[in-house]
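Fold and geometry: a report
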Amino acid sequence: SARTLVVVPTMLSSVQGIDALAEALEVRFLANRDAHLHFALLTDYLDAPAETLPGDELLLAHARECIEALNRRYTEGGEKPRVGDRFFLFHRPRRWNAADRVWMGHERKRGKLEDLNALLRNRANERFSLVVGDTAPLASVKYVITLDTDTELPRDSARQFAGVMAHPLNRPRFAAA
């Protein structure tokens, strides 16, 4: 009832950067192992003068490969079978921003999170040009923990965050007015 998705909004800038992002995601997972915790990179390309650049496909293919490798490693590694995947990649295309006169991810971090929430609420993934991972378990995600790329997630802290949010005394109350 408290399934949680840990997301890291970030930019795809280099193969080395993607390797570091995947490694950091794996470290967060290893410190926070729970069948009801999932981990995702929420990505855009860097701002550009054109909608696509020559190296874009290479970066996206590498990010996909890293997430698929994590899912293979922690499914085939002796864990009991489960529905869906543990690791995800949600990538958005560049859109034209007339105010800044540049191609970029719509609304950068806030836009990424809005698009993710839309996907989680109504399964609409047309805002993403690529979704990697079997998203079946995400239909029941109740909480999203958003981290910056340099934010650590100490041992068992994701489960503790979800537990605090799910506690019966931490329910919102609305005044009639």
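One structure accompanies this document, and this report is about it. Nothing here was measured: the structure is a model prediction, and the numbers come from that model.

Here helix 2 (residues 56-75) spans 29 Å end to end across 20 residues, near enough to the 28 Å set by a 1.5 Å rise per residue. What helix 2 keeps buried is the set Asp56, Leu59, Leu60, His62, Ala63, Cys66, Ile67, Leu70, Asn71 and Tyr74. Tucked inside the fold, the buried residues of helix 2 contact strand 1 (4-12), helix 1 (15-31), strand 2 (37-45), strand 3 (87-91) and strand 6 (130-132).

The nonpolar side chains of a soluble globular protein tend to be buried, and buried together. Ranked by internal contacts, the top residues of the largest apolar core, which has 27 residues, are Val6, Leu25, Phe39, Leu41, Ile67, Phe87 and Leu89. At the level of secondary structure, the elements contributing two or more residues to this core comprise strand 1, helix 1, strand 2, helix 2, strand 3 and strand 6. Here the element with the most residues in this core is helix 2; it accounts for seven residues. Each residue touching Leu25, except ones within four places of it in the same chain, is listed here: Val8, Phe39, Ala40, Leu41, Ile67 and Phe87. In terms of nonpolar packing, the next biggest core, distinct from the first, is built from twelve residues, Ala40, Phe88, Leu119 and Val141 among them.

Let's shift gears to the packing of aromatic side chains. Within a pair of aromatic rings, the relevant descriptors are the distance that separates the centres and the angle that separates the planes. This model, assessed by the stated rule, comprises eight aromatic pairs. With a centroid separation of 6.1 Å and an interplanar angle of 35°, the aromatic rings of Phe39 and Phe87 are classed as tilted. Of the two residues, Phe39 is situated in strand 2 and Phe87 in strand 3; the sequence distance between them amounts to 48 residues. For the pair shown, Phe39 and Phe87 are each scored as buried. Site record: aromatic cluster; members linked through ring pairs are Phe29, Phe39, Tyr74 and Phe87.

To continue, consider the side chain of Asp85. For Asp85, the location among the structural elements is in the loop between helix 2 and strand 3. Side-chain polar atoms of Asp85 contact the backbone nitrogen of Asp134, separated by 2.7 Å. Residues contacting Asp85, with those up to four places away along its chain left out, are His38, Asn71, Gly133, Asp134 and Pro137.

Turning to the sheet that holds strand 7 (residues 143-146), a few remarks are in order. Read across the sheet, five strands follow the order 6-3-2-1-7 without closing on themselves; strand pairing throughout is mixed. Edge positions in the sheet fall to strand 6 and strand 7, since each of these pairs with one other strand and no more. With strand direction ignored, the average angle separating the axes of adjacent strands in the sheet is 20°. Bridge count between strand 2 and strand 3: five bridges; the pairing is parallel. What sits directly across from Ala40, in strand 3, is Phe88.

Side chains carrying opposite charge are able to pair once their charged atoms draw close together. All chains considered together, the criterion is met by 13 salt bridges. With a closest N to O distance of 2.8 Å, Arg92 and Asp44 form a salt bridge. Taken as a pair, Arg92 in the loop between strand 3 and strand 4 (95-97) and Asp44 in strand 2 lie far apart in primary sequence, 48 residues in all. By relative accessible area, which is 1% here, Asp44 ends up buried. Arg159 is the partner of Asp156 in a salt bridge, and the nearest nitrogen-oxygen pair spans 3.6 Å. Given a relative accessible area of 28%, Asp156 falls into the partly exposed group. Taking relative accessible area as the criterion, Arg159 reaches 44% and is therefore assigned partly exposed.

About the thresholds
- Residues numbered from 1 in each chain as written.
- Predicted model: local features only at pLDDT ≥ 70, side-chain atom pairs only at ≥ 80, totals over all residues.
- Heavy atoms only, no water.
- Helix = DSSP H or I, 4+ residues; strand = E, 2+ residues; numbered from the N terminus.
- Expected span 1.5 Å × (residues − 1).
- Buried < 20%, exposed > 50% of the residue type's maximum accessible area, 1.4 Å probe, protein only.
- Contact = heavy atoms within 4.5 Å.
- Core = buried A, V, L, I, M, F, W, Y, C linked by side-chain atoms within 4.5 Å.
- Phe/Tyr/Trp six-rings, centres within 6.5 Å; stacked < 30°, edge-to-face > 60°.
- Polar contact = N/O pair within 3.5 Å; in protein donor to acceptor, adjacent residues only side chain to side chain.
- Pairing = 2+ DSSP bridges.
- Axes fitted to C-alpha atoms, helices over the stretch in contact; angles between N-to-C directions.
- Salt bridge = Lys/Arg side-chain N within 4 Å of Asp/Glu carboxyl O.

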